[in-house]
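Observations on chain architecture
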2 protein chains.
Amino acid sequence: MTASMSPDELEHALREIGSERYHDKHPFHHLLHTGKLNKGQIQAWALNRYIYQSRIPIKDASLLARCPDMAVRQVWRQRIIDHDGAPGSEGGIERWLKLAEGLGLSREDVVGERLALPATHFAVEAYVRFVREKSLLEAIASSLTEMFAPGIIRTRMDGMLANYAFVSRETLAYFAHRTSEAPRDAEFALAYVKRHATTREDQQRVLDALTFKCQVLWAQLDALHFAYVSPGLPPPGAFVPDAP
Amino acid sequence: MTASMSPDELEHALREIGSERYHDKHPFHHLLHTGKLNKGQIQAWALNRYIYQSRIPIKDASLLARCPDMAVRQVWRQRIIDHDGAPGSEGGIERWLKLAEGLGLSREDVVGERLALPATHFAVEAYVRFVREKSLLEAIASSLTEMFAPGIIRTRMDGMLANYAFVSRETLAYFAHRTSEAPRDAEFALAYVKRHATTREDQQRVLDALTFKCQVLWAQLDALHFAYVSPGLPPPGAFVPDAP
């Protein structure tokens, strides 16, 4: 192994991975943000991404469940609260369902999960398992895609509002909340890995965890693109949009 | 729940799932078998499918590890032997590596696994987990895709030999062996589920297990098709063929 990096070098290496592998570079997102998708394709995106959204509190709870550091737990639990919400106070999952309904999907179809692509399930399951089974450092590092989220969220909100008549600001409330939550979450996780990944081996684990997470996000878009854009072949049993 | 099916009705329902969802219907296989792929695309197929092949003995060993029925274990262990082989007697995995090498891939690239598509890893991992964690009945039922294997294997061998100058009978030795192994394995597993799945609930679990396994196979081809055929966008870090 080579010598270990300074904390700032580690951050630089993480940002390099993001600039090559974060899913803002994926052609599906380019189409989504520039008005090139039809309503059915955007429905497919929302329906599939619900699988990912719905597993976020699960993966954060497994992280919490094996984190011996009370101070970390005190901060990390906010992610669960943000996503699950509370009676009378909707969280991220409920906002995602509103987004899906705003696009014309039935809540039952989304929550039922059966119409989502198997590849979506496989990728999301791999992420949940990763957080459950790898080291705490790697679990925390795998959340670092949030470092790159603010840019894509702004692009998405502006692009979708400008380009799709059927998308309203209310429909996109999920993203409005994420613009404040994601940077706060990312900042904490980044500080954690910079402080705790001091050997070259641990630093490599941190970098690999971020690469893995980028693959999880990218693979979901590959599957969407394949099934609903090009060549456009939904696998047997998957969601088929009613109308373009 | 509705009434339970007779064993033959269950078999019929299983065959229905195969006729709708088995991956012989996937366009990638159609292209592969009719000479429409180039060497680089076939390399990508072999390199990715190695991930699946290499996990077969792992999943069969986990099945064995929690099977209380000695008679079942005595039969099932043959799958591990067939795939792993023995010193001086190559098994299915070694034959798959020979196939990959026969197509011009380096053994290191294939065994290294890093160039395989993340979606391949996610799908194969989902299968291994399924067999490890679901009931023994469901684990056995998930192997029933072998019922539909003989047809596709013959089509593949004939089609590949007829259409690709760079494919030889030696390269395809893996499939020649599978023509005898797959029907024997499928027959045993089918008899097992017909005998043990007697309630409607268990029969539904068996059907769902086969559907799941079809999804695992189908999703692998979706990912290959997306990355290497249409639109042809390998994700960052994945195998890129040298030449068409």
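Being a predicted model, the structure only gives us computed values, none of them experimental.

Criteria and cut-off values
Residues numbered from 1 in each chain as written. Chains lettered and ligands numbered in written order. Predicted model: local features only at pLDDT ≥ 70, side-chain atom pairs only at ≥ 80, totals over all residues. Heavy atoms only, no water. Helix = DSSP H or I, 4+ residues; strand = E, 2+ residues; numbered from the N terminus. Buried < 20%, exposed > 50% of the residue type's maximum accessible area, 1.4 Å probe, protein only. Contact = heavy atoms within 4.5 Å. Areas by Shrake-Rupley, 256 points an atom, 1.4 Å probe, with all protein chains shown as cover. Lys, Arg positive; Asp, Glu negative; His and termini not counted. Charge placed at Lys NZ, Arg CZ, Asp CG, Glu CD. Least-squares fit on C-alpha atoms with pLDDT ≥ 70 in both. Expected span 1.5 Å × (residues − 1). Bend = angle between axes of the 7 residues up to and from the residue. Axes fitted to C-alpha atoms, helices over the stretch in contact; angles between N-to-C directions. Parallel < 35°, antiparallel > 145°, perpendicular 65-115°, else oblique. Nonpolar A, V, L, I, M, F, W, Y, C, P; charged D, E, K, R; others polar. Buried area = accessible area lost by both parts, 1.4 Å probe. Salt bridge = Lys/Arg side-chain N within 4 Å of Asp/Glu carboxyl O. Phe/Tyr/Trp six-rings, centres within 6.5 Å; stacked < 30°, edge-to-face > 60°. Core = buried A, V, L, I, M, F, W, Y, C linked by side-chain atoms within 4.5 Å. pLDDT = per-residue confidence, 0-100.

In this section: the overall build of chain A. Across its full length, chain A carries 11 helices and 0 strands. Going from the N terminus to the C terminus, chain A shows its helices and strands as α-α-α-α-α-α-α-α-α-α-α. Each of the three principal axes of chain A carries a C-alpha extent, and together these read 55 × 40 × 35 Å. Looking at chain A as a whole, 55% of its 244 residues are labelled buried. When contacts within chain A are restricted to residue pairs at least 6 apart in sequence, long-range pairs at least 24 apart make up 79% of them. With the model as given, the accessible surface of chain A reaches about 10200 Å², and the carbon-plus-sulfur share is 53%. Charged side chains in chain A number 29 positive and 30 negative. The centres of these two groups are separated by 1 Å.

Moving on, we get to the relation of the copies chain B and chain A. Two copies of a chain can be linked by a rotation about an axis combined with a shift along that same axis. Note on the identical chains: chain B maps onto chain A by a rotation of 180 degrees and an axial translation of 0.0 Å, with an RMSD of 0.0 Å. Put plainly, the chains are arranged around a two-fold axis.

Working note: α-helix, 3.6 residues per turn, so residues spaced by three or four point in the same direction. All names here are of chain A. Across its 24 residues, helix α10 (residues 173–196) extends 35 Å between first and last C-alpha, which sits within 8% of the 34 Å expected from 1.5 Å per residue. Largest kink in α10: about 35 degrees, centred on threonine 179, with the proline proline 183 one to four residues after it. Of all the positions in α10, only Tyr174, Phe175, Arg178, Glu181, Ala182, Asp185, Ala186, Ala189, Leu190, Tyr192, Val193 and Lys194 are classed as buried.

Residues and elements named next belong to chain B. With their axes 9 Å apart at the nearest point, helix α3 (residues 39–65) and helix α7 (residues 118–133) run at an angle of 10 degrees to one another. The angle between α3 and α7 places the two elements in the roughly parallel class. Facing Asn48, Ile51, Tyr52, Arg55, Ile56, Ile58, Lys59, Ser62 and Leu63 of α3, the residues of α7 in contact are Thr120, His121, Val124, Tyr127, Val128, Val131 and Arg132. Among the residues forming the contact of α3 with α7, the class breakdown is 9 nonpolar, 4 polar and 3 charged.

Next up on the list: the interface of chain B and chain A. Between chain B and chain A, the contact holds 25 residues from the first and 26 residues from the second. Buried surface at the junction of chain B and chain A, summed over both partners, amounts to about 2100 Å²; 70% is from carbon and sulfur atoms. When the buried area of chain B at its contact with chain A is split by residue, Phe122, Phe226 and Pro236 of chain B rank highest and sum to 31% of it. At the junction of chain B with chain A, the criterion picks out 2 salt bridges.

Right, let's get into the packing of aromatic side chains. Residues and elements named next belong to chain A. Tallied over the entire structure, the rule returns 24 aromatic pairs over all chains. When the centroid spacing of 5.2 Å and the interplanar angle of 85 degrees are considered together, the rings of tyrosine 174 and phenylalanine 175 count as edge-to-face. In this structure, tyrosine 174 and phenylalanine 175 share a single accessibility class: buried. By the ring-pair criterion, three or more aromatic residues cluster together here, those being Trp45, Trp96, Tyr174 and Phe175.

Right, let's get into the nonpolar core. Counting 167 residues, the largest nonpolar core has Trp45 and Val193 of chain A together with Trp45 and Val193 of chain B as its most contacted members. Beyond its immediate sequence surroundings of up to four residues, tryptophan 45 of chain B is in contact with Phe28, His29, Leu32, Trp96, Leu99, Arg156, Met160, Phe175 and Leu224 of chain B.

It is worth spelling out the side chain of arginine 95 of chain A at this point. Residue and element names in this part refer to chain A. Examined against the element boundaries, arginine 95 turns out to sit in helix α5 (residues 92–102). The class of arginine 95 is buried, set by a relative accessible area of 9%. Beyond its immediate chain neighbours, meaning those up to four positions away, arginine 95 contacts Asp82, Glu90, Ala173, Tyr174, His177 and Glu181.

In this section: the confidence of the model for chain A. Residue-level pLDDT values for chain A average 95, and 99% of them are 70 or greater. For this predicted complex, the interface confidence score (ipTM) comes to 0.81, while the overall pTM stands at 0.89.

What follows concerns the pattern of salt bridges. All names here are of chain A. For the structure shown, the criterion picks out 38 salt bridges over all chains. In this structure, the salt-bridge partner of aspartate 24 is lysine 25, at a minimum N-O distance of 3.5 Å. Across the salt bridge formed by aspartate 185 and arginine 184, the nearest N and O atoms sit 2.8 Å from each other. Arginine 184 sits in the partly exposed class, given a relative accessible area of 36%. The network of salt bridges with shared partners includes Asp82, Glu146, Arg178, Glu181, Arg184 and Asp185.

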